[in-house]
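Reading the structure
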Amino acid sequence: MLSFDMATNQRREQLVNSHSGSAGVYHRYHIETRSAPNLYPSPSRFLVKVGKVGLAKLIVTELVHYRNWKVVQSRPCLYGVFSGPVGGFAPRPKYCVGCLRCTTQFPDFVKVLKNPERQKLGDSFISPDQVDTILYETSTGTVPVRGAGYRGKFGGKGWDGMWTDMSEIVRPTRDGIHGREYISTEVDIGDKPMSLSFDAQGNPSGELPRAFPIGVPMIFDVPPASVQTQQYFSILQSAASHVQTLVVVPIKPMLAYELPSVSVVPLVSPTEQSELKRLSISPALIEMASWDKRLLDAIHEIHPKSLVALRMEYGEDLLKYIDSGIKNFHLVANYHGMTRDGRFVLDAIRDVHDSLVKAGVREEVTLIGSGGVAAAEHVPKAIICGVDAVALDVPLLIALQAKLHGDCVNISSQVELPQNLPSEWATQRIKNLASSWRDQLLEILGAMGMREVRRLRGEIGRAMFQTQLEHEAFAGIEGYHG
Amino acid sequence: MVKLNSKSPEQMITEKHVLALREGFHRWASLELGKMPALGDARWTADLIYANWVQAETGRPPSNGLNFQTGNSEGGFDLLDFKFLPESKWLPASQEPDTSIPLNKRAYDKKIQIPIPFYGGGMSYGSISEQIMLSRARAAKKWGTFTSTGEGGYPDSLVQYKDNVITQIATGLFGVREETIQNAPIVEFKYAQGAKPGLGGHLLGDKTTMAVAKIRESVPWVSLFSPFPFHSVYCVEDHRKHIDWVKATNPEALVSVKVSTPTDVDMVAVGSYYAGAHIIHIDGSYGGTGAAPEIAKKNIAMPIEFAIPRVHEHLVKEGIRDEVVLMSSGGIRTAYDIAKAIALGADGCVIGTAELVALGCTRCSNCERGRGCPFGLTTTDPELSQLVDPDWGAERISNLYKSLQFQLRDILRKLGLKSVKELRGRKDLLIYRGNHV
């Protein structure tokens, strides 16, 4: 199997430099998953309270009546809550799945309560359920599958007011993730001219594509300052390398911690221009923290093979930077997905994408979006709205059971990683998360009958929005003014 | 307490739990114990679950203050209400509005009418126990309506109820045999399911017991993932081939086409009509399932409240609305949901979860794991499935149906309508109670 570095270098050489690089050995993209249980227990979903007097009375009554210990001992829980050494006298809520059979049968002395500690998980954006889901995904690397239908609110703001489409009959793919056909989640980062031109001899004469692929449309973003440790950066770098994606790291810690590799994207501010020369390799991508023509020139001069991305807030006009030669943009909202003008990224992404389409340059540029991605379903939704890939932030921390001190909104937010964090475990957790989210992306793509995630970008026709659907369905109904 | 006599310990255990459960359903629903703190969710609130239990026990809606009409989802049916007439204009209490609907509006083929505008949706053997299948079938027979096999085969015990059982053919073709098609007055093609549109069925290995594997002609304890979509269908024209195949096997059968709700669900419905379907069954994204990826439940395809008017109005525009029956499902919980769905344009509804709640489901979402449902519903575990006796189950479902019909008649009476058929597509009788997004 090719390593990411090898594959990327080959592809980069092939795409950027020569057109005739070695074809490489085909391998089917796969993220290796392995069980990586939580380091410490997460608060149980439920608390189980058993009245000891009531239970004792029940046992005595049943003993007298049945005179058979096996019958008396039979308790309603299938999951082991009452299977400890003293049974119901010391229930084990960590096993409770909330089926409520025990309290249904014995309402007088068994109560099942929602655990208030669990309600503290996450923050005002990432819900306790989303935290639970991420912990499951990172522990197992699998897609959460459960019985019964949807249990939540009908719709809502942001991503909750958006549904993805599916194809009923006419479709190019079969079977989704369980099928035989390969659905690609690879996206290209880089400069992609709209067309090629050739001279009289048939040789390319104009601008050539300069792009390289990443295995999933997800990269890892700069973490909050409070966790910018050598170990955490190394974990991200290792996971990114395995997943064949990228991690954005400020250039100073990148150099200090000796992290350079193709999977690491140095984030460079105009004042850090001199650091570029200290990089031992030319990164696949270098990210400018803000626009600066001299910095751009310096990157081109020192690392001519590296591609350049500009990190910027949503809301700025991209066209002027495109005219200046920038073809890769990392658009940033806060971790809760709010842009500086108070909009959610869903709308901001759509605006950027639409403006580039109208200007006729959308195919030439790569958009990476940061902020507001807290669950697997947010990835395809963001891509449908118009980004090529998303950058993950807080979910990676939750994957490692980091403790959020208050709202985790931006790089200044206080976050605490577990003490004695095992690097191998942490790397595996992030790999598991990436694999689970990728598989869920495949479910979405499979349902639509799409064979590659590139095709999903900006496909608003593959989405349905609550406001629009509600208007179509309820217009004319008294009281509806949409 | 169980009378001991000469019962085995296993029998005593079952009876002990059955008695305690039934008493629990009664006591909790009476509200004498308050409400379970952990029961319910936005769609199925504790009130709706308790109200269902009351109906399953008494055949009437509750009168103890439980909200038996809407959930707390803040959208869809939960924001719609009826514009009832002033009481002076209600139909007299002595007049019972007609709640029957036809299931074949074509000029040809067998005419089937059901006395209530709903029937039971597909639940496969494997996803639920044989006892639950029997409970549903007996209730369907009692009411002259239908239940569906789902994609899991046709247990022999169901054959005596065949006049009220829809045979489902889904993409895995599990359990589909010539005789099960010949048994069926209605054959249902399941193209997709609302809870997991575009993904095919899931039956996890723990629930694929020897008996389940045998009837599905598969391997025990191996997870079964139905393909998606039908490998024999690449276009709407191929869909016609499917219907011809069924008609060749059972010329008498009506054909239902079950689809989920993509953006082009209206076009799919028209295609299904021209392929020869008698019933178009649209299943919205908030429907039930025995197992589905969580990502699919919320995020793929539209809720049924939006799909019904889209399909209804498109069929009207095409001039074919009165030749095809439109059934809707995917989040139909109450009589009010049924009436609202019909007012939005459906002829009737297909219910599933509501029947399981009547049998004790608490919506805990653990149907797929291990031995399956701890209440003996979505399980094939030999011990757990004993928790529901088919006679008791049939009575509970039948009582629920009775209450649903009672409420539907009440709604129609207050709207001045003599038949549920008059309610179809009457959006003008609805009122929106929410602040739209």
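Residues numbered from 1 in each chain as written. Chains lettered and ligands numbered in written order. Predicted model: local features only at pLDDT ≥ 70, side-chain atom pairs only at ≥ 80, totals over all residues. Heavy atoms only, no water.

As for the overall build of chain B
Secondary structure assignment for chain B yields 12 helices and 15 strands. For chain B, the C-alpha radius of gyration of 21 Å lies close to 22 Å, the compact-globule estimate for 437 residues. Taken over the C-alpha atoms alone, chain B extends approximately 65 × 55 × 40 Å along its principal axes. The proportion of buried residues among the 437 residues of chain B is 68%. Put simply, chain B shows about 14,200 Å² of open surface, and 50% of that area lies on carbon and sulfur atoms. Side-chain charges in chain B split into 50 positive and 48 negative, and the spacing between the mean points of these groups amounts to 3 Å. (Helix = DSSP H or I, 4+ residues; strand = E, 2+ residues; numbered from the N terminus. Rg over C-alpha atoms; globule rule 2.2 N^0.38 Å. Buried < 20%, exposed > 50% of the residue type's maximum accessible area, 1.4 Å probe, protein only. Areas by Shrake-Rupley, 256 points an atom, 1.4 Å probe, with all protein chains shown as cover. Lys, Arg positive; Asp, Glu negative; His and termini not counted. Charge placed at Lys NZ, Arg CZ, Asp CG, Glu CD.)

Brief notes about the nonpolar core
Of all hydrophobic cores here, the largest spans 160 residues; its most connected members are Leu103(B), Ile282(B) and Leu423(B). For this core, the element with the highest residue contribution is helix H12 (residues 390-415) of chain B, accounting for 9 residues. When near neighbours in sequence (up to four residues on either side) are disregarded, Leu103(B) contacts Ile112(B), Ile114(B), Tyr119(B), Phe146(B), Ile186(B), Leu254(B), His278(B), Ile279(B), Val325(B) and Met327(B). Core analysis: the next-biggest nonpolar cluster, separate from the first, contains 126 residues, Val222(A), Leu236(A), Val361(A) and Phe465(A) among them. (Core = buried A, V, L, I, M, F, W, Y, C linked by side-chain atoms within 4.5 Å. Contact = heavy atoms within 4.5 Å.)

Focus: the side chain of Gln55(B)
Mapping Gln55(B) onto the fold places it in helix H2 (residues 46-58). Leaving out residues up to four positions away in the same chain, Gln55(B) has contacts with Arg60(B), Pro61(B), Pro62(B), Asn399(B), Leu400(B), Ser403(B), Leu404(B) and Gln407(B).

Comments concerning the domain arrangement of chain A
Splitting chain A by domain gives domain 1 (4-37 + 166-470) and domain 2 (46-118). When each unit is reduced to the centre of its C-alpha atoms, the spacing between domain 1 of chain A and domain 2 of chain A is 50 Å. (Domains from an automatic or database assignment.)

Quick look at the domain arrangement of chain B
All names here are of chain B. Looking at chain B, the domain boundaries give domain 1 (9-76) and domain 2 (101-432). Taken together, the 26 residues of domain 1 in the interface contact 31 residues of domain 2. Together domain 1 and domain 2 conceal approximately 2,700 Å² of surface at their shared face, both sides included; 59% is due to carbon and sulfur atoms. Counting across the interface, domain 1 meets domain 2 through 1 salt bridge. Close ionic contact of aspartate 41 with arginine 363 constitutes a salt bridge, the shortest N to O distance being 3.4 Å. Of the residues forming the side of domain 1 that touches domain 2, the biggest block, 8 residues, is contributed by H2. Its residues placed into classes, the side of domain 1 that touches domain 2 shows 11 nonpolar, 10 polar and 5 charged. (Buried area = accessible area lost by both parts, 1.4 Å probe. Salt bridge = Lys/Arg side-chain N within 4 Å of Asp/Glu carboxyl O. Nonpolar A, V, L, I, M, F, W, Y, C, P; charged D, E, K, R; others polar.)

A few points about the environment of Glu395(B)
Residues and elements named next belong to chain B. Mapped onto the secondary structure, glutamate 395 falls in helix H12. Taking the relative accessible area as the measure of exposure, glutamate 395 reaches 39% and is therefore partly exposed. Sequence-distant contacts of glutamate 395, defined by excluding residues within four places in its chain, comprise Ala56 and Lys142.

Observations regarding the pattern of salt bridges
Pairs may arise between side chains of opposite charge once their charged atoms sit close together. Under the criterion given, the structure shown has 56 salt bridges over all chains. The partner of Asp297(A) in a salt bridge is Lys293(A), with the nearest N and O atoms 2.9 Å apart. Taken as a pair, Asp297(A) and Lys293(A) lie in helix H8 (residues 293-302) at a separation of 4 residues, close to a single helical turn. With a shortest N-O distance of 3.1 Å, Lys414(B) and Asp410(B) are connected by a salt bridge. Residue Lys414(B) and its partner Asp410(B) are located together in helix H12, separated by 4 residues, close to a single helical turn.

Looking at H8(A)
Residue and element names in this part refer to chain A. Considered for burial, the residues of H8 that qualify are Leu295, Leu296, Ala298 and Ile299. Buried residues in H8, looked at end-on, bunch into an arc of 160°, giving them a common side. For H8, the exposed residues set more than 90 degrees away from the buried face come down to Arg294 and Glu301. At its buried positions, H8 is contacted by strand S9 (264-268), strand S10 (285-288) and strand S11 (307-313). Of the residues flanking the start of H8, the one acting as N-cap is aspartate 292, its side-chain oxygen 3.1 Å from the backbone nitrogen of arginine 294. (Arc of directions from axis to C-beta. Polar contact = N/O pair within 3.5 Å; in protein donor to acceptor, adjacent residues only side chain to side chain.)

Section: H2(B)
All names here are of chain B. For H2, spanning 13 residues, the distance from its first C-alpha to its last is 18 Å, which sits close to the expected 18 Å at 1.5 Å a residue. A large share of H2 lies buried, amounting to 11 of its 13 residues. Taken together, the buried positions of H2 are Ala46, Asp47, Leu48, Ile49, Tyr50, Ala51, Asn52, Trp53, Val54, Gln55 and Ala56. The inward-facing, buried residues of H2 abut helix H1 (9-29), helix H11 (353-358) and H12. Positive phi shows up at glycine 59, right after H2, with a value of about 80°. (Expected span 1.5 Å × (residues − 1).)

Re the packing of helix H6 (residues 230-243) of chain A against helix H13 (residues 423-448) of chain A
Residues and elements named next belong to chain A. The interhelical angle for the contact between H6 and H13, taken along N-to-C directions, is 45°, at an axis separation of 9 Å. If you check the angle between H6 and H13, you find them oblique. Crossing angle aside, the handedness with which H6 passes H13 is right-handed. The residues of H13 that touch H6, namely those facing Gln231, Ile235, Leu236, Ser238, Ala239, His242 and Val243, are Ser423, Ala426, Thr427, Ile430, Lys431 and Ala434. (Axes fitted to C-alpha atoms, helices over the stretch in contact; angles between N-to-C directions. Parallel < 35°, antiparallel > 145°, perpendicular 65-115°, else oblique. Left-handed = near helix turned anticlockwise from the far one by under 90°.)

Re unusual backbone geometry
Residues and elements named next belong to chain B. Phi at glutamate 217 takes a positive value of approximately 55°, unusual for a residue other than glycine. Structurally, the position occupied by glutamate 217 is in the loop between helix H5 (210-216) and strand S9 (224-225). Since its relative accessible area comes to 56%, glutamate 217 is described here as exposed.

Concerning the sheet that holds strand S4 (residues 118-120) of chain B
Residues and elements named next belong to chain B. One open sheet accounts for 8 strands, arranged S4-S14-S13-S11-S10-S7-S6-S5; its pairing is parallel. Every other strand in the sheet has two partners, leaving S4 and strand S5 (147-148) as the edge strands with one partner each. In this structure, strand S10 (residues 254-259) lies alongside strand S11 (residues 279-283), joined through 4 bridges in parallel fashion. Along S11, the bridge assignment pairs valine 259 with isoleucine 282. Helix H7 (residues 265-275) contacts S10 and S11 of the sheet and is inclined by roughly 155° relative to S11. Against the sheet, H12 touches S4 and strand S14 (348-351), its axis set at about 160° to S4. (Pairing = 2+ DSSP bridges.)

Quick notes on the interface of chain A and chain B
Listed by partner, the interface residues are 82 residues for chain A and 99 residues for chain B. Counting each side, the surface lost to burial between chain A and chain B is near 8,200 Å², with a carbon and sulfur contribution of 62%. For Lys70(A), the salt bridge is made with Glu10(B), and the minimal N-O distance between the two is 2.5 Å. With 7 residues, the single largest contributor to the side of chain A that touches chain B is helix H14 (residues 466-474) of chain A. Tallied by class, residues from the side of chain A that touches chain B come to 35 nonpolar, 24 polar and 23 charged.

Details of the side chain of Ser184(A)
All names here are of chain A. Its place among the elements puts serine 184 in the loop between strand S4 (162-164) and strand S5 (187-191). Taking the relative accessible area as the measure of exposure, serine 184 reaches 13% and is therefore buried. For serine 184, the residues in contact, after removing those within four places along its chain, are Leu445, Arg451, Glu452, Val453 and Arg454.

Some points on the pairing of strand S13 (residues 366-370) of chain A
Residues and elements named next belong to chain A. Across the 5 residues that make up S13, a large majority, 5, are buried. What you see with S13 is no split at all: Thr366, Ile368 and Ser370 on one side and Leu367 and Gly369 on the other are buried throughout. In this sheet, S13 lies alongside strand S12 (residues 328-332) in parallel orientation, the contact comprising 5 bridges. Residue valine 332 lies in a different strand from S13, and its bridge partner there is serine 370. After leaving S12, the chain enters helix H10 (residues 345-358) and then returns to the sheet as S13, a path that is right-handed. Pairing between S13 and strand S14 (residues 389-392): 3 bridges, direction parallel. Counterpart to glycine 369 in the pairing with S14 is valine 390. Note on the crossover from S13 through helix H11 (residues 378-385) to S14: the handedness is right-handed. (Right-handed = clockwise from strand over helix to strand, strands pointing away.)

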